Amino acid sequence: MPPLQWSDIRNRAIEFSRSWADATSERAEAKTFLDEFLGVFGVHRRRVASFERKVHQTGDRTGFIDLLWPGLLLIEQKSAGKNLDRAYQQAREYFHGLADHELPRYILVSNFQRFRLYDLEDDEHWEFGLDELAGHLKLFGFIAGYEPRSYREQDPVNLQAAESMGLLHDQLKASGYIGHDLEVLLVRLLFCLFADDTGIFNPQGIFMDYLESKTAIDGSDLGPKLHALFEVLNTPPAQRLTTLDEDMASLPYVNGRLFGECLRVPGFDRRMREQLLKCCALNWSGISPAIFGALFQSVMDPKARRNLGAHYTSEQNILKVIEPLFLDELRAEFEKVKRSPAKLRTFHNKLRSLRFMDPACGCGNFLVIAYRELRELELALLRVQHGSGRGAQLELNIDKLVLLDVDQFFGIEIEEFPAQIAQVALWLMDHQMNTKAGAEFGQWFARIPLETASTILHANACEVSWSEIVPAEQMSYVFGNPPFVGGKMMDAKQRRDAERVFLGVRNAGLLDYVCCWYLLAARYTKGTAVRCAFVSTNSITQGEQVGVLWDELLQQGINIHFAHRTFAWTSEARGAAAVHCVIIGFGHQELAGKVIYDYEDPKGPPLASAASTINPYLVDGPNITIKRRSSPICDCPEIGIGNKPIDGGYYLFTESEMQAFVQEEPGAKKWFRPWIGADELINGYQRWCLWLKDCPPEELRRMPLVLQRVQAVRDFRLASRSESTRALAATPTSFHVENFSSEPYLVFPGVSSERRRYIPVAYLPPDTLASNLLYVTRKATLFHFGILTSSMQVAWLANIGGRLESRYRFSKDIVYNNFPWPVDATAAQQAAIESAAQSVLDARAAHPGASLADLYDPLTMPVDLQRAHQLLDKAVDKAYKLRGTLSDTQRVAFLLERYLALTSLMPPPRPAGRSRTRRTATS
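Quick caveat: nothing in here was measured; it's all calculated off a predicted structure.

(A) Region of interest: the confidence of the model for the chain. The predicted model of the chain averages 88 in pLDDT, with 92% of residues at 70 or higher. The spread of mean pLDDT over the elements of the chain runs between helix α13 (residues 302-306), the lowest at 54, and strand β7 (residues 356-358), the highest at 98. The low-confidence segment residues 389-394 (pLDDT under 50) makes nine contacts with residues lying over four places distant or belonging to another chain. Residue range residues 905-923 is modelled with pLDDT below 50. Its contacts to residues more than four positions away, or to other chains, number 42 contacts.

(B) Structural detail: the pairing of strand β11 (residues 531-537). Burial of β11 is extensive: seven of the seven residues sit out of reach of the surface. Because side chains alternate across β11, one face comprises the buried residues R531, A533, V535 and T537, and the other comprises C532, F534 and S536, equally buried. Two strands pair when backbone bridges link them, and strand β10 (residues 477-480) and β11 are joined in this way by four bridges, in the parallel orientation. Counterpart to Y477 in the pairing with β11 is R531. Looking at chain direction, β11 and strand β13 (residues 579-587) are connected through seven bridges and run antiparallel. Paired with F534 across the two strands is I584, which belongs to β13.

(C) Quick look at helix α34 (residues 888-902). In this model, α34 (15 residues) spans 21 Å end to end at C-alpha, consistent with the 21 Å of a helix rising 1.5 Å per residue. Structurally, α34 contributes buried residues whose contacts are with β12 (559-569), β14 (594-598), α29 (791-800) and α33 (863-879).

(D) Region of the structure containing the sheet that holds strand β23 (residues 769-770). Strand order in the open sheet formed by four strands is β17-β19-β18-β23, and the pairing between neighbours is mixed. Pairing within the sheet leaves two strands with one partner each, and these edge strands are β17 (652-653) and β23. In terms of strand pairing, β17 meets strand β19 (residues 687-690) through two bridges, oriented antiparallel. Across the sheet, the residue bridging to L652 is C689, located in β19.

(E) Molecular detail of the packing of aromatic side chains. For the coordinates displayed, the defined rule picks out 50 aromatic pairs. Seen from their ring centres, F16 and F33 are 5.2 Å apart, and the 45 degrees between their planes marks the pair as tilted. A residue pair is termed long-range when its members are at least 10 positions apart, and F16 in helix α1 (residues 6-19) and F33 in helix α2 (residues 26-40) qualify at 17 residues. Here F16 and F33 have matching classes, each one buried. Here the aromatic rings of F128 and F140 are separated by 6.2 Å at their centres, their planes lie at 80 degrees, and the arrangement is edge-to-face. Taken together, the residues span a long stretch of sequence, with F128 in strand β6 (residues 124-129) and F140 in the loop between β6 and α5 (141-144) at a distance of twelve residues. The buried category is assigned to F128, whose relative accessible area is 0%.

Reading the values: rules and limits
Residues numbered from 1 in each chain as written. Predicted model: local features only at pLDDT ≥ 70, side-chain atom pairs only at ≥ 80, totals over all residues. Heavy atoms only, no water. pLDDT = per-residue confidence, 0-100. Helix = DSSP H or I, 4+ residues; strand = E, 2+ residues; numbered from the N terminus. Contact = heavy atoms within 4.5 Å. Buried < 20%, exposed > 50% of the residue type's maximum accessible area, 1.4 Å probe, protein only. Pairing = 2+ DSSP bridges. Expected span 1.5 Å × (residues − 1). Phe/Tyr/Trp six-rings, centres within 6.5 Å; stacked < 30°, edge-to-face > 60°.

Right, here's the structure in full:
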């Protein structure tokens, strides 16, 4: 039987209040009172709760809980007139003796004449008299089977449930029950556990009761009994055996093909039966399908389970995708039409007509959240149409009012188990939303049997035709979180996928795996109004990948509609790693109202700004891509990497290693030169390099320890798989790349922290060797130093260059050679930049004990250095003819416009005053 209608519950409550109006004694009447209280809501106490539960309290004390419904409700009953504050304190003291999964969300204290209900999760409480019970029934929807609660991804019951299922999985697997059968069995048990606590099975607790009372304690018959139970759930009532006992016969026909497949019968033992019962003891009504699916998937992988929760997408991040893609627009449309009954009906039918697909759906998190939000919107619509469900509205048929269903959702998933979970998770969310709608209108509403289902295809999205799942003309929105796999990290199968998808596209080998979904979506939606949004690593909007991927997408006619610029994709889950991501909404149509979301404060909400055009770098600027260039587009010094030994480390020494070596080989001292790489430059230390190219052979032969190093380098190169490296073995005292200067030269770190507001560019003396982790230019003046350490250069690097994790990665061919210098700056403007640049160097020199890391850490940057950089920025901006305070995205948009002008068919303007003599650095 389904849960009672609210009208029936109200009638029972009135009768209950009359019947117990004169009750006074806890000892004599408490158990009967509480039995009948639960009976008001159609609940048989013996199936869900126990009396006088013995618990150990703090110290050596023992207590007895009047009534405990594990995981949901604790009741402390007192005699008439007793203090309810003390009753509540007594109830809380019992928590010390309860297991985590038994801790209740609600506490009810009563002295017969008054009730006080506490919701511990929402930190609320209500108090009313016995004679007022009928007016407060909605507070007890959680007892009646109408579950009004919200589901929170942080709720520990999600983790507890996944961990419990993980243990059961391990035990079944250890017994030899593996593979597809194990996966399907776990999905079926998930459905039964949820159904047992949410009213799909009625009375509640019947599944747990069946396991406890109808199976042997040693577990020997549990497998066959589960098999029989699944068969009943898969059989319509009219076709069931007439000899079934009453409880089995009361189970609903589920359908949906969930219980249709015949599985091997698993073998259980006592321990496995106890573990399944522990799973039953959890309150599964508190499970969030939006998160639990991914947690449940992780039970299949013990390594993943150690970081349980690291693999799901948080609800907050999912909403960043679906709100700007369609939810915000639909909510706004609802607000416009809700005062017109005819338009509201049309809007409702529109909601029913929408179709949604996630072509990398995993366990369905995106689909489940999207469905929930659409059902919430539909519920708001129904409230406008029909009121709150009171009075005459109780005659409405809620199952006819709700139009949205899971058959509007489609997914593709390469792994079978998560594909099964996705479909079940959508059913579970459907039931939760049906229950919520039923509570709103005072009716029980469940779609059992499952007559509709989502379409979740177990397939490789890079191989299957998306149109075979649903024609693009019938699709509305495509979204999701495709796999994060770097171009160099793909396995052979993924590499074949990428080659197939990008066949004929030049340099496609540079692309990350996620790019496949962008191009497939572009092809699938061509000629339609379908809109798409994907989460990606930010690498596809930076560096070399932009020119490959986005040139192809722009040729396909793709427009970017909204974008979340780089942010850390994190969750509250244990072990979750931060990946730096972007979200890009796109389609073939040109839309007004484009929006860019930026994250200036990583811990704060994004800042939204309107954009006329969103380009592949996710800034409001020209729709162009920056490609590799062998020489600069402007008249500026050439730049290249520093020295690259390819020596196996045999020529490189720490200070102490160098001193020890010289002590044994004194003649080697004059052949050591300071060695500076990016880390040494920024953190203020140096190593030493044995530089032997100019060492005369007769002198080299007089240093046996040095010769040993030369021989080791030769052997190291000969052992290489690279032909070019083996060729270098013929000249073991030479480096692979040699780049040194006879005068001070400018160096630029290849990688720099994104936390720094400025890049720590610096000059090195001629006797110091720069490593290949630094970029070197030998003809740079203070003018060049000033531009390269300005906010203009940082903005260009941060948005055009690639990233190493989240750190900025400088490059010659993409970043430097394409940088639009202020080629039309006047002589006075150039002189102002040089003067400001010298002030930056002077401010650094004023702190001789500080490293560049100290000087440019946002928390420790000296005030005088900050001021010097601010003045430098003003001078640089003036050379670009810019005024006012500019954001980094505004700077990039401006620079892209200049790049477009400089690389057009017309020759770029001649640099102003470039013939004048420039000052070099004085520090």
